[in-house]
Amino acid sequence: MSDNPKTIDQLNAESRDIWDANAEAWDKRIGGGGGWQSTIIAPMVEKMLNIQPGERVLDIACGNGIFSRRLAELGAAVVASDFSPKLIALAKQRTTERTEQIEYHVADATDIAQLLALVGKDGQPFDAAVCNNAIMDMPVIEPLFRAVAQMLKPDGRFVFSVMHPCFNGQSISMQAELPDYDQEPTYSIKVSRYLSAEATKGLAIREQPLQQYYWHRPLHLLLNSAFENGLVMDRLEEPQMIAEMPPTNAFAWANYDMPPLLFVRLRPAK
Ligand SMILES: C[S@@+](CC[C@H](N)C(=O)[O-])C[C@H]1O[C@@H](n2cnc3c(N)ncnc32)[C@H](O)[C@@H]1O
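Please read all numbers here as calculations on a predicted model, not as lab measurements.

Asker: I'm lost on the overall build of the protein in this one. Help?
Answerer: Broken down by element type, the protein carries 7 helices and 11 strands. Its C-alpha atoms give the protein a radius of gyration of 19 Å, near enough to 18 Å, the size a compact globule of 270 residues would have. Referenced to the eigenvectors of the C-alpha coordinate spread, the extents of the protein come out at roughly 65 × 50 × 40 Å. Relative to its 270 residues, the protein shows a buried fraction of 36%.

The following block contains the structure:
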């Protein structure tokens, strides 16, 4: 440990600068879809959110706005935010249809005041909120849960997806073993640390110029933070990765009987 550990605000500012520096690479890679976003994240989140036309939906940490545009396609009026000004600029550039249905804002999800401001001047609560694969990128998550609990209608829902804390992250190592030529390979995951909440750096995509921060939280810290800040859980999903073709790479997730992503649906506590 360093003598002068960085404060949460310093870490978050550094993380924002990293996301800004990686924004173009991220936008190019995610583009208009493909990969996990299309095959697993969007379909699962859509199912869990069950958006109805005309609903008002908040997309927190929207990146290049890929899911915000999908929400608009489903008929929602979308407020989308991210702390990276570059990603918000790219999201705006990519939004050429249904522009009247999406407003983009730069807002830091670790700052409750910035989040609460997203509700707008008329203070109209949201029917639903979503945060796709970004909670593990934040040094603190209490402000996000507390703000969402306050901004949702009493029967509203909040769905988030996150790297599965048990099976995916910087402390796991994927292993493929072939006991004998006449046997099927076995695929396992070695977990070297789980209980320690810690920050590490790594790559989400190979093309990104800078490593980004990841904040690992074991399940009890992740979910208790939501429960302690006004939300209750009513659904949890851990989908198996499915490959269209039998994977040729031993480290393709489709080989493993373990989920790389966790999906959680929360609602305001009564
Ligand atoms: C893995 S990307 C996911 C983007 C988008 N939700 C998607 O599914 O394509 C993580 C996003 O979280 C954003 N992010 C990270 N920390 C944040 C924070 N403190 N406040 C707001 N956005 C944040 C990043 O800028 C990035 O756009």
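Asker: I'm lost on the site of the ligand in this one. Help?
Answerer: Taken together, 23 residues lie around the ligand, and Ala-61, Gly-63, Phe-83, Ala-109 and Ala-134 are the ones closest in. Broken down by secondary-structure element, the contributors of at least two residues to the shell around the ligand are helix 1 (8-30) and helix 3 (66-73). Looking at which element gives the most residues to the shell around the ligand, the answer is helix 1, with 4 residues. Tallied by class, residues from the shell around the ligand come to 12 nonpolar, 8 polar and 3 charged.

Asker: I tried to follow the nonpolar core on my own but got confused; where do I start?
Answerer: Nonpolar side chains tend toward joint burial in soluble globular proteins. Val-57, Ala-129, Val-130, Leu-144 and Val-148 are the most contacted members of the largest nonpolar core, which totals 61 residues. It is helix 6 (residues 142-151) that contributes the most residues to this core, 6 residues altogether. What Val-57 contacts, discounting residues up to four positions off in sequence, is Ile-51, Leu-71, Ala-76, Val-78, Phe-126, Asp-127, Ala-128, Ala-129 and Val-130.

Asker: Any chance you could explain the sheet that holds strand 2 (residues 77-82) here in plain terms?
Answerer: Consider a sheet: its strands pair through backbone hydrogen bonds, and that pairing is either parallel or antiparallel. Pairing in this open sheet of 7 strands is mixed, and the strands run 3-2-1-4-5-11-10 from one edge to the other. Two strands bound the open sheet, and with one partner strand each, they are strand 3 (102-106) and strand 10 (231-237). Averaged over all pairs of adjacent strands, the angle between their axes in this sheet comes to 20°, without regard to strand direction. Direction of pairing for strand 2 relative to strand 3: parallel, over a ladder of 5 bridges. From the neighbouring strand, Ser-81 faces strand 3, where its bridge partner is His-105. Running at roughly 160° to strand 5 (residues 152-163), helix 2 (residues 35-49) makes contact with strand 4 (126-132), strand 5, strand 10 and strand 11 (261-268) of the sheet. Contacts between helix 4 (residues 85-94) and the sheet are confined to strand 2 and strand 3, with strand 3 contributing the most and set at about 165° to the helix.

Asker: Explain helix 1 to me, please; I cannot follow it from the model alone.
Answerer: The end-to-end C-alpha distance of helix 1, which contains 23 residues, comes to just 28 Å, noticeably less than the 33 Å that a straight helix rising 1.5 Å per residue would cover. Taking the largest bend as the criterion, helix 1 deviates by roughly 55°, centred on Ala-23. Along helix 1, the positions that sit buried rather than exposed are Asn-12, Ser-15, Arg-16, Trp-19, Asn-22, Ala-23, Trp-26, Asp-27 and Ile-30. Along its buried surface, helix 1 packs onto helix 2, helix 3, helix 4 and strand 9 (212-216). Trailing helix 1 by a residue or two, Gly-31 shows a phi angle of about 50°, which is positive.

Asker: How do you make sense of the environment of Met-258 when you look at a structure like this?
Answerer: Relative to the elements of secondary structure, Met-258 occurs in the loop between strand 10 and strand 11. Taking C-alpha positions, Met-258 is 8.5 Å from Ser-188, a pair spaced 70 residues apart along the chain.

Asker: How do you make sense of the packing of helix 1 against helix 4 when you look at a structure like this?
Answerer: Two numbers describe a pair of packed helices, the interaxial angle and the distance between the axes. Running from amino to carboxyl end, helix 1 crosses helix 4 at an angle of 30°, the nearest separation of the two axes being 7 Å. With respect to their mutual orientation, helix 1 and helix 4 come out roughly parallel. Contacts from Trp-19, Asp-20, Ala-23 and Asp-27 of helix 1 reach helix 4 at Pro-85, Lys-86, Leu-87 and Leu-90.

Quick notes on the rules
Residues numbered from 1 in each chain as written. Predicted model: local features only at pLDDT ≥ 70, side-chain atom pairs only at ≥ 80, totals over all residues. Helix = DSSP H or I, 4+ residues; strand = E, 2+ residues; numbered from the N terminus. Rg over C-alpha atoms; globule rule 2.2 N^0.38 Å. Buried ≥ 20, exposed ≤ 12 C-beta atoms within 10 Å, placed from the backbone. Near = placed C-beta within 6 Å. Nonpolar A, V, L, I, M, F, W, Y, C, P; charged D, E, K, R; others polar. Core = buried A, V, L, I, M, F, W, Y, C linked by C-beta atoms within 7 Å. Contact = placed C-beta atoms within 7 Å. Pairing = 2+ DSSP bridges. Axes fitted to C-alpha atoms, helices over the stretch in contact; angles between N-to-C directions. Expected span 1.5 Å × (residues − 1). Bend = angle between axes of the 7 residues up to and from the residue. Parallel < 35°, antiparallel > 145°, perpendicular 65-115°, else oblique.

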